[in-house]
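Residues per chain, in single letters:
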Amino acid sequence: MTQENIEEMLEKPYWIVDILPERVPKDSPGRYFAIEQYFLEESRILELRRKQLGMLLRLNCYCGFTVSFDAGLHWVMNPAPEEMERRLLQKERVGDIHIMIDGGKSMIALNLDDTYMTVYDPTERILELLQSLAGAEGLFTWKPPAD
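Read on for a plain summary of the structure. No experiment lies behind these values; they were computed from the predicted model shown. (Residues numbered from 1 in each chain as written. Predicted model: local features only at pLDDT ≥ 70, side-chain atom pairs only at ≥ 80, totals over all residues. Heavy atoms only, no water.)

**A word on the packing of helix H3 (residues 42-59) against helix H4 (residues 81-88)**
Thinking step 1. Running from N to C, H3 and H4 cross one another at 150 degrees; their axes reach a closest spacing of 10 Å. As summarised for this structure, H3 and H4 are arranged roughly antiparallel, according to the angle between their axes. Handedness of the crossing formed by H3 with H4: right-handed. Residues Arg 49, Gln 52, Leu 53, Leu 56 and Leu 57 of H3 touch H4, and the partners they reach there are Pro 81, Met 84, Glu 85 and Leu 88.
Thinking step 2. Considering only residue class, the contact of H3 with H4 consists of 6 nonpolar, 1 polar and 2 charged. (Axes fitted to C-alpha atoms, helices over the stretch in contact; angles between N-to-C directions. Helix = DSSP H or I, 4+ residues; strand = E, 2+ residues; numbered from the N terminus. Parallel < 35°, antiparallel > 145°, perpendicular 65-115°, else oblique. Left-handed = near helix turned anticlockwise from the far one by under 90°. Contact = heavy atoms within 4.5 Å. Nonpolar A, V, L, I, M, F, W, Y, C, P; charged D, E, K, R; others polar.)

Here is the structure:
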């Protein structure tokens, strides 16, 4: 896997795994940015990362993972659960984690500054699994509308 593989995946159709059930409209009268910051506070973001970790570890039971914790410079095949936990729950926010699934057929991107994960080009089976696993963790899986 390389950084080029990541770039190629970023051009593919994608889904969002999120704390919200759909994209918030630009003209929403609500307080999206204040609420996003609320969920990004340390105790709350750790709770969210634990949910994401649980979902990813369970998904790894069904699919092989090749993971980069440094934006594609180095890759680890099926990292130990403890390594995934350490990387997702670290206190400092250090950029993006990329997970290539089943030899690069699909990719999950997780920016530690966000409350969502992006899933690129999931197969029907991976999407079904993600929807079930995310729902079990109290998260939502949705496809952004075409712009």
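**What about the nonpolar core?**
Thinking step 1. Of all hydrophobic cores here, the largest spans 28 residues; its most connected members are Leu 56, Leu 59, Ile 99 and Ile 108.
Thinking step 2. For this core, the secondary-structure elements that each account for two or more residues are H3, strand S2 (65-68), H4, strand S4 (96-101), strand S5 (106-111), strand S6 (117-120) and helix H5 (124-136).
Thinking step 3. At 6 residues, the largest contribution of residues to this core is made by H3.
Thinking step 4. Counting residues in each nonpolar core, the second largest holds 7 residues, with Ile 6, Met 9, Trp 75 and Tyr 120 among its members. (Core = buried A, V, L, I, M, F, W, Y, C linked by side-chain atoms within 4.5 Å. Buried < 20%, exposed > 50% of the residue type's maximum accessible area, 1.4 Å probe, protein only.)

**Points about the pairing of S5**
Thinking step 1. The buried count for S5 comes to 5 of 6 residues, which makes it a mostly enclosed element.
Thinking step 2. Taken together, the 6 bridges between S4 and S5 define a ladder with antiparallel strand orientation. Each residue of the ladder has a partner; that of Ile 101, found in S5, is Ser 106.
Thinking step 3. Count of turn residues in the S4/S5 antiparallel hairpin: 4 residues, of which Asp 102 carries a positive phi of about 50 degrees.
Thinking step 4. Two elements, S5 and S6, share 4 bridges in a ladder whose sense is antiparallel. In the sheet register, Ile 108 faces S6, and the bridge partner there is Val 119.
Thinking step 5. Hairpin connection from S5 to S6: 5 residues lie between these consecutive antiparallel strands. (Pairing = 2+ DSSP bridges.)

**Quick word on the pattern of salt bridges**
Thinking step 1. Under the defined criterion, the tally for this structure stands at 5 salt bridges.
Thinking step 2. Between Arg 44 and Glu 41 there is a salt bridge; the shortest N-O distance is 2.5 Å.
Thinking step 3. Judged by relative accessible area, Glu 41 falls into the partly exposed class, the value being 42%.
Thinking step 4. Between Arg 87 and Glu 83 there is a salt bridge, with its nearest N and O atoms 2.8 Å apart. Taken together, the residues Arg 87 and Glu 83, both in helix H4 and 4 residues apart, mark about one turn of the helix.
Thinking step 5. Under the relative-accessibility criterion, Arg 87 is labelled partly exposed at 24%.
Thinking step 6. Connected through salt bridges with shared partners, the residues Glu 83, Arg 86 and Arg 87 form a single ionic network. (Salt bridge = Lys/Arg side-chain N within 4 Å of Asp/Glu carboxyl O.)

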